[in-house]
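# What the coordinates show
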Amino acid sequence: MIDAAIDRQSAAAIVFGGSRGIGAAIAQQLADDGFAVALTYLGNADKAEAVSNSIRTGGGRAIAVRADSRDPAEVRHAVEAASRELGPLDVVVVNAGALRIAPLRTFPREDFDLLVDINIRGVFLAIQASMQVLRDGGRIITIGSNGAVRAGSPEGGVYAMTKAAVASLVQSLALELAPRGITVNNVQPGPIETDMTAGMIAGLVNRIPLRRIGKPCEIAALVSYLASSDAGYMTGANLTIDGGMVL
Ligand SMILES: NC(=O)c1ccc[n+]([C@@H]2O[C@H](COP(=O)([O-])OP(=O)(O)OC[C@H]3O[C@@H](n4cnc5c(N)ncnc54)[C@H](OP(=O)(O)O)[C@@H]3O)[C@@H](O)[C@H]2O)c1
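All of the points below concern the structure found in this document. This one's a predicted model, so the numbers in the text were calculated from it and none came from an experiment. Per-chain numbering applies: the sequence of each chain, read as written, is numbered from 1 onward. Only residues with pLDDT of 70 or above have their local features reported here, since the model is predicted, and side-chain atom pairs are shown and tallied only from 80 upward, although totals for entire chains, interfaces and linings are computed over all residues. Processing note: side-chain calculations cover all non-hydrogen atoms of the structure and skip hydrogens and water entirely.

## Details of helix α5 (residues 157-177)
Each helix is a run of H or I in the DSSP string that is no shorter than four residues. Each strand is a run of E no shorter than two, and both are numbered from the N terminus. The length a helix should cover is 1.5 Å for every residue beyond the first. The end-to-end C-alpha distance of α5, which contains 21 residues, comes to 30 Å, matching closely the 30 Å that a straight helix rising 1.5 Å per residue would cover. Listed in full, the buried residues belonging to α5 are V158, Y159, A160, T162, K163, V166, A167, V170, L173, A174 and L177. Should any heavy atoms of two residues lie within 4.5 Å, those residues are counted as being in contact. Against the buried residues of α5 lie α4 (109-131), β5 (134-143), β6 (183-189) and β7 (238-241). Partly exposed describes any residue whose relative accessible area lies between the buried limit of under 20% and the exposed limit of over 50%, with all areas from a 1.4 Å probe on protein chains only and scaled to the type maximum.

## Describing the environment of V94
Within the secondary structure, V94 is located in strand β4 (residues 89-94). Classification of V94 by relative accessible area gives buried; the value is 3%. For the pair formed by V94 and T40, sequence separation is 54 residues and the distance between their alpha carbons is 10.0 Å. The residues touching V94, leaving out its near neighbours within four places in the chain, are F16, V123, A126, I127, I141, T142 and I143.

## Quick word on the site of the ligand
By nearness alone, 31 residues border the ligand, and S19, R20, N95, Y159 and T194 come closest of all. A 3.5 Å cut-off defines polar contacts: any pair of N or O atoms within that distance qualifies, except that in protein one atom must be a possible hydrogen donor and the other a possible acceptor, and neighbouring residues in sequence count only when both atoms are side-chain atoms. A distance of 2.7 Å separates an oxygen atom of the ligand from a polar atom in the backbone of G43. Here a nitrogen atom of the ligand sits 2.8 Å away from a polar atom, N or O, in the main chain of S69. Notes on the ligand: free accessible area 900 Å², of which the protein chains cover 95%. Listing elements by their share of the shell around the ligand, those giving two or more residues are α1 (21-32) and α5. Only Asp, Glu, Lys and Arg are considered charged, only Ala, Val, Leu, Ile, Met, Phe, Trp, Tyr, Cys and Pro nonpolar, and every remaining residue, Gly among them, polar. Grouping the amino acids of the shell around the ligand by side-chain chemistry returns 12 nonpolar, 14 polar and 5 charged. Being near a molecule or strand, for a residue, means having at least one of its heavy atoms within 4 Å of it. Accessible surface area values rest on a Shrake-Rupley calculation with a 1.4 Å probe, where residue burial reflects the displayed protein chains alone.

## Let's talk about the side chain of N119
Structurally, N119 is set in helix α4. A polar contact of 2.9 Å, which involves the side chain of N119, links it to the backbone oxygen of A98. Once residues lying within four places of it in the same chain are set aside, the contact partners of N119 are G97, A98, Y159, T162, K163 and V166.

Geometry only, nothing functional implied.
Here it is in structure tokens:
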């Protein structure tokens, strides 16, 4: 049996898509927990640097690396940079994602390709590159969506399909990595206040039983738990956190 205890004070994490929104909150939370953190971004270098600077100012260790989740070489480079600068990885968080909504009848094919490329292929690439350097007893945490288990709107089908693919992937990956003591779990948020949902919030609140939008720090808190030694017996789980919307 591999001991799943993680010593946070000497541990390292990578957050794919950590420059804004949920990913930035996760990067900050993991740093507050004691992890050295590498975070990737696509185009927002300033925001990524702001997150890593804030972690360093607070006494933590952090680096920001540009890596398009769709590009295997860039993803590999980010993982290599993270393990070179921060040491072997203990926690991998695959958060980078994109949202496009439209009825299927008119859904642009380029948007379909973009969602599949980032939300499915990007998750696969990030996990495949990271698992080579992930320590035994480590953690893989993906950020899916409650859309995987609940049709929230008639326009969200393609996005939901990509997130359902992730929900499925974590289950077989959990089995594959169990012999190494690595846990694999998927967090499925409902509406969270970020750039991704800007302009959509007002129409959503009435459909959420708790009558409010979630905060990025609430997703980060669940990720923090999953990254902890206390969560060592949880694997292959799809955890929905959405104010009761899925009920
Ligand atoms: N917000 C919600 O209500 C909600 C609900 C359910 C699930 N989610 C999921 O939660 C995750 C984060 O969502 P969010 O609302 O925080 O999104 P967001 O505010 O739009 O931030 C997206 C993050 O992903 C990065 N990213 C996007 N495309 C990328 C690519 N091709 N390569 C590398 N990085 C890329 C962005 O980097 P740049 O800053 O460089 O662009 C940014 O750091 C996503 O997977 C999303 O599907 C969100």
